[in-house]
Amino acid sequence: MTGRDVHVELRRVSKRFGGVQALSQVDLRIARGCVHALVGENGAGKSTLGKILAGVHRPDEGELVVNGRVADYRSPRDALADGITIITQEPTLVPHRSVLENVFLGVEGGLAGVVDQRALVRRYWALVEETGIELPPRRLARALRVADQQKVEILRAVARNTRLVVMDEPTSALTKDESERLFALTRRLRERGTTIVYVSHMLGEVLALADEVTVLRDGRLVRTAPAAEETPERLVAAMLGRRLELTFPEKRPVPPGAPAVLAVRGLARAPAVEDVSFEIRAGEILGLAGLIGSGRSEVARAIFGADRPQQGEIEVEGRRVRLRSPREAIDHGVVMLPEDRKSQGLLMLRSIVDNVTLPHLHRVSRLGVLSLRSERRRAGELIARVDVRARSASAPVSTLSGGNQQKVLFAKWLLRRPRVFIADEPTRGVDVGAKRAIYELIRSLAAEGIGVLLISSEHEEILGLAHRVLVMRGGRIVAELDEQTMSEDALLHAAFATGGEARVA
Amino acid sequence: MTATQEVTLERRELDPARFLNVAVVRDYGVVVAFVGLFITLSVSSSAFLTWANMKNLAFQTAPVGIIAVGGTLVFIGGGFDLSVGAISGFSAILSGKIFLHTGVGLWGSLVLGALVGLGCGIGNGLLVTLGRVNAFIATLATSIVIYGFAQVITGGNLVSVQAERFSTLGLGTAWGINYPVFVWLAFALVCGFLLWRTVLGRYIYAAGGNAEAARLSGVRVGTIRATTFAFSGLAAGIAGVILFSEVQTAQWNANSGIEFDAITAIVLGGTSLLGGEGAVWRSVLGAFFLQMIGNGFDLLGTTPQWQYVIKGGILAAAVSLDAWARRRRT
């Protein structure tokens, strides 16, 4: 650290959650007015550290020193009093209230609890001027996209005269373009003298944005260094404690003459999906790319019976089927790994075994009575196959890291061999090591002759894994890329509609 | 997949570091409280730990206990049932009417009465799932409707059965223990087994724990939830005919308020209001605990009115503990 003024200092901070040591003996100094990034695998402790700064968690041991004084925050409110706030991956706005009200929530001012509406509007436009973020003040928060909701949070942070903002994976739900704008804004905040603690998986953006980078591994601090001295390879090596190539397993060609396992014709569900048709062959990985909101997940949900399509035919292995519910889809061998594992995929409080066998309980039971032994045996095999790292198979899935939770979701669909495997964002919020394992898993599914539909916002992932890529925009398939035409350039071109409102970087 | 990680398939052991944290207090609090109160009462009153008092305690707890067991399924499945008081009264009335006006006989009318409860429960289930009415409001509405029907049928009067043997179910004994205790035990064992070892039980936990994830895993969440309401209705019907049999008179509002005792017992036991967690044995213990408080007041000769203050306070504490435990975990 240079001779800069220290804004926040952690002294031998430790934190435990249940049996997991999230942070141990961390010493860290964060300089005022700089962007300080925290990187590490899932479960490395970076989010926990951010939350300790913002008063969300209290350290079990050690001290937090803010502006040279020891601080003992018991709630985010205490931290806010010192000008510290946190912006999380899921914005926490009051959905039914306006942008204006959300920005000034808790700092309305006014006399005796009576809000001076006109003064608020004046303050709002002053904020807009200062930050360059412009949002319609009367719009309801729930009508905003996630990116705009984050902007509200940033406005809120500035309105509270925040001196330090913790950003926890702020770009995980943003498109590339939106992320760029967030970076510009972050730099502007730094110019105002605000300190930014930036928690992220995305090493590229960390290096582009941060002044200093701290690497965490298994709750311990590995090193803190100026961003200029780091490279993605160095960071990955530090995060993993070993070198790991960010490559994809070798593509195996689809056998010529492999039959179509899934055929979709004229699928429509207004307003998200219009006239979508495609086929997936046995052993093929078909990528479905496009921006968030282009209708990718909606196509997956409609095929899987999670939402009912208004039009369209679906054939599984050449036979016309109607999949009116996930149950019917599962019975026909069509399964889906949903995009949000916490809200759509897992029973967080139940054990790994319970989660794995849930869709196929009739296979480990007789007359509705479970055979706990055969259930544990079958689940154990699958857990081993997908390589879930857990203390015990009866541990609740909430105790697992993101990557291992994602693997549990894979295991859940393998108790009976599926014909079609739809994976919606299979590596979202997953660390580098687990990503590689998931790629191999997807490859092995295809090698077994399962047809895979892979949806991902990470272009490298789609390009690295898929045999063929469909690009969606505005609910339609606008391009099909094969082995020869596949490139990031072609994909982005199709996704963004050249000459459209969004410019490709 | 190279180097498959070894996964231990043992039961979750109690991590000493986790001992005495909030979740553990919530999970096993009812056991500690139960044992504590049991010992206290045994020491302070010579009349407490006697065979007669124990028998009596179980007998008095049985109706609420049965309802609490049925309600536990509803709670775990993510629902809520306020209508059990109304249903139990209604079941009793219809049971009496059937006995008086048809030839199905004593046991036939009692069984049919219990099945009336099952029917009401299915109605609740349909209203909540197909009708998409919030469970709290749906069962509040059905309970008002059922009270109304009960008054219409009886004209607001008592239904009274003048037949000595009608009280067999409520007051008859085997090995000195009243039949209702056996009914409760059997019902609790059935429901407990259901949750622990059956596909339906797993589905109930899944539906309450995360309805969307359950649906996307192929669980028919609506059907499962409706089934839990059917169990709760059946439990209310059984409790209704037992209470009816004990006193041989039924009235439309005779059992109103029993739903709150049952809910209190469930929550004290540690079954979460938010669904996805809980167990039948908890509610059995919770019901006993609640009854012991009343029993203790009787035996110690304290002003009985205070027991409500105590019960309410304990309920609030139990819910608060649950909320704390959840916060710690997430």
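The rules behind the values
- Residues numbered from 1 in each chain as written.
- Chains lettered and ligands numbered in written order.
- Predicted model: local features only at pLDDT ≥ 70, side-chain atom pairs only at ≥ 80, totals over all residues.
- Helix = DSSP H or I, 4+ residues; strand = E, 2+ residues; numbered from the N terminus.
- Rg over C-alpha atoms; globule rule 2.2 N^0.38 Å.
- Buried ≥ 20, exposed ≤ 12 C-beta atoms within 10 Å, placed from the backbone.
- Contact = placed C-beta atoms within 7 Å.
- Pairing = 2+ DSSP bridges.
- Axes fitted to C-alpha atoms, helices over the stretch in contact; angles between N-to-C directions.
- Parallel < 35°, antiparallel > 145°, perpendicular 65-115°, else oblique.
- Nonpolar A, V, L, I, M, F, W, Y, C, P; charged D, E, K, R; others polar.
- Domains from an automatic or database assignment.
- Core = buried A, V, L, I, M, F, W, Y, C linked by C-beta atoms within 7 Å.
- Left-handed = near helix turned anticlockwise from the far one by under 90°.
- Expected span 1.5 Å × (residues − 1).

1. Overview of the overall build of chain B
Next, step 1: If you tally the helices and strands in chain B, you get 13 helices and four strands.
Next, step 2: Its C-alpha atoms give chain B a radius of gyration of 21 Å, within 12% of the compact-globule value 20 Å for 330 residues.
Next, step 3: Referenced to the eigenvectors of the C-alpha coordinate spread, the extents of chain B come out at roughly 75 × 55 × 35 Å.
Next, step 4: Looking at chain B as a whole, 48% of its 330 residues are labelled buried.
Next, step 5: Within chain B, contacts between residues separated by at least 24 positions form 79% of all contacts whose residues are at least 6 apart in sequence.

2. Side note on the sheet that holds strand E7 (residues 164-168) of chain A
Strand pairing within a sheet occurs via backbone hydrogen bonds; the two strands may be parallel or antiparallel.
Residue and element names in this part refer to chain A.
Next, step 1: Strand order in this open sheet of six strands is E6-E7-E8-E3-E9-E10, and the pairing throughout is mixed. Strand pairing shows two members of the sheet lacking a second neighbour, strand E6 (84-87) and strand E10 (220-226), which therefore form its edges. Looking at each pair of strands side by side, their axes are set apart by 20° on average, direction ignored.
Next, step 2: Bridging between E6 and E7 involves four bridges; their strand directions are parallel. Residue Thr 85 lies in a different strand from E7, and its bridge partner there is Val 165.
Next, step 3: Packed onto the sheet, helix H1 (residues 46-53) meets strand E3 (35-39), E6, E7, strand E8 (195-199) and strand E9 (212-217) and runs at close to 150° relative to E8.
Next, step 4: Along the sheet, helix H5 (residues 146-159) contacts E6 and E7; its crossing angle with E6, the most-contacted strand, is approximately 180°.

3. Examining the pairing of strand E12 (residues 273-281) of chain A
Residue and element names in this part refer to chain A.
Next, step 1: Direction of pairing for strand E11 (residues 260-269) relative to E12: antiparallel, over a ladder of six bridges. Each residue of the ladder has a partner; that of Ala 263, found in E12, is Glu 279.
Next, step 2: Counting the residues that bridge the hairpin from E11 to E12 gives three residues.

4. Observations concerning the environment of B:Ala318
Residues and elements named next belong to chain B.
Next, step 1: Mapped onto the fold, Ala 318 is located in helix H13 (residues 306-329).
Next, step 2: A tally of 21 C-beta atoms within 10 Å means that Ala 318 is categorised as buried.
Next, step 3: Considering only alpha carbons, one finds Ala 318 and Gln 151, 167 residues apart in sequence, at a separation of 36 Å.
Next, step 4: Not counting residues up to four positions away in its chain, the partners in contact with Ala 318 are Val 267 and Leu 268.

5. Some thoughts on the packing of helix H4 (residues 117-131) of chain A against H5(A)
All names here are of chain A.
Next, step 1: In contact at an axis separation of 10 Å, H4 and H5 are set at 105° when each is read in the N-to-C sense. Considered as vectors, H4 and H5 are oriented roughly perpendicular to each other. Residue-level inspection shows Leu 127, Glu 130 and Thr 131 of H4 in contact with H5, the latter providing Ile 154, Leu 155, Val 158 and Ala 159.
Next, step 2: In terms of residue class, the contact of H4 with H5 is made up of five nonpolar, one polar and one charged.

6. So, the domain arrangement of chain A
All names here are of chain A.
Next, step 1: Domain annotation for chain A reports domain 1 (6-240) and domain 2 (260-350 + 411-496).
Next, step 2: For domain 1 and domain 2, the distance between their C-alpha centroids amounts to 33 Å.
Next, step 3: Counting residues at the interface gives seven residues for domain 1, matched by seven residues for domain 2.
Next, step 4: Here the side of domain 1 that touches domain 2 is built from residues that sort into three nonpolar, three polar and one charged.

7. What about the nonpolar core?
Next, step 1: Of all hydrophobic cores here, the largest spans 169 residues; its most connected members are A:Ile422, A:Val452 and A:Leu454.
Next, step 2: No other element matches the 15 residues that helix H10 (residues 221-247) of chain B contributes to this core.
Next, step 3: Ignoring any residue separated from it by four or fewer positions in sequence, one finds A:Val452 in contact with A:Ile285, A:Leu286, A:Phe421, A:Ala423, A:Ile442, A:Leu445 and A:Ala446.
Next, step 4: One finds A:Val35, A:Leu164, A:Ala210 and A:Leu216 within the second-largest nonpolar core, a separate group that totals 61 residues.

8. Notes on the sheet that holds E12(A)
Residue and element names in this part refer to chain A.
Next, step 1: One open sheet accounts for four strands, arranged E12-E11-E14-E15; its pairing is antiparallel. A strand with exactly one partner marks an edge of an open sheet, and here the two such strands are E12 and strand E15 (319-321). Neighbour-to-neighbour, the strand axes of this sheet turn through a mean angle of 20°, independent of strand direction.
Next, step 2: Examined bridge by bridge, E11 and strand E14 (residues 311-316) share five bridges and lie antiparallel to one another. Counted as the bridge partner of Ala 268 is Gln 311 from E14.
Next, step 3: Lying over the sheet, helix H9 (residues 296-304) contacts E11, E12 and E14, oriented at roughly 110° with respect to E11.

9. Points about the packing of helix H2 (residues 51-76) of chain B against helix H7 (residues 179-197) of chain B
All names here are of chain B.
Next, step 1: In contact at an axis separation of 8 Å, H2 and H7 are set at 20° when each is read in the N-to-C sense. On the basis of the axis angle, H2 is roughly parallel to H7. Considering how the two elements wind past one another, H2 and H7 form a crossing that is left-handed. Every residue of H7 that contacts H2 at Ala 58, Phe 59, Ala 62, Pro 63, Gly 65, Ile 66, Val 69, Leu 73 and Ile 76 is listed here: Pro 180, Val 181, Val 183, Trp 184, Phe 187, Ala 188, Cys 191 and Leu 195.
Next, step 2: Considering only residue class, the contact of H2 with H7 consists of 16 nonpolar, one polar and no charged.

10. So, helix H11 (residues 258-269) of chain B
Every α-helix winds through 3.6 residues per turn, so residues three or four apart in the chain are directed the same way.
All names here are of chain B.
Next, step 1: In a regular helix each residue adds 1.5 Å, so 12 residues correspond to 16 Å; H11 covers 17 Å between its end C-alpha atoms and thus fits that length.
Next, step 2: With 11 of its 12 residues buried, H11 lies for the most part within the structure.
Next, step 3: Those residues of H11 that sit buried are Ile 258, Glu 259, Asp 261, Ala 262, Ile 263, Thr 264, Ala 265, Ile 266, Val 267, Leu 268 and Gly 269.
Next, step 4: Following H11 by one or two positions, Gly 270 has its phi on the positive side, about 105°.

11. Quick notes on unusual backbone geometry
All names here are of chain A.
Next, step 1: Across the junction of Ala 270 and Pro 271, the peptide omega takes the value -5°, indicating a cis bond.
Next, step 2: Mapped onto the elements, Pro 271 comes out in the loop between E11 and E12.
Next, step 3: For Glu 317, which is not a glycine, the phi torsion comes out positive at approximately 45°.
Next, step 4: By the secondary structure assignment, Glu 317 is in the loop between E14 and E15.
Next, step 5: Unlike most non-glycine residues, Leu 367 shows phi in positive territory, near 50°.
Next, step 6: Looking at the secondary structure, you find Leu 367 in the loop between strand E17 (365-366) and strand E18 (369-370).
Next, step 7: For Leu 367, a count of 6 C-beta atoms within 10 Å gives the class exposed.

12. Some details on the pairing of E8(A)
Residues and elements named next belong to chain A.
Next, step 1: Burial runs high along E8: five of the five residues are buried.
Next, step 2: Burial along E8 is two-sided: the face carrying Thr 195, Val 197 and Val 199 and the face carrying Ile 196 and Tyr 198 are both buried.
Next, step 3: Inspection of the sheet shows E3 paired to E8 by four bridges, in the parallel sense. Residue pairing in the sheet places His 36 in a bridge with Val 197 of E8.

13. Description of the environment of B:Leu115
Residue and element names in this part refer to chain B.
Next, step 1: Mapped onto the elements, Leu 115 comes out in helix H4 (residues 105-129).
Next, step 2: Since 18 C-beta atoms lie within 10 Å of it, Leu 115 is described here as partly exposed.
Next, step 3: Linking Leu 115 and Ala 230, residues 115 residues apart in sequence, is a C-alpha distance of 10.0 Å.

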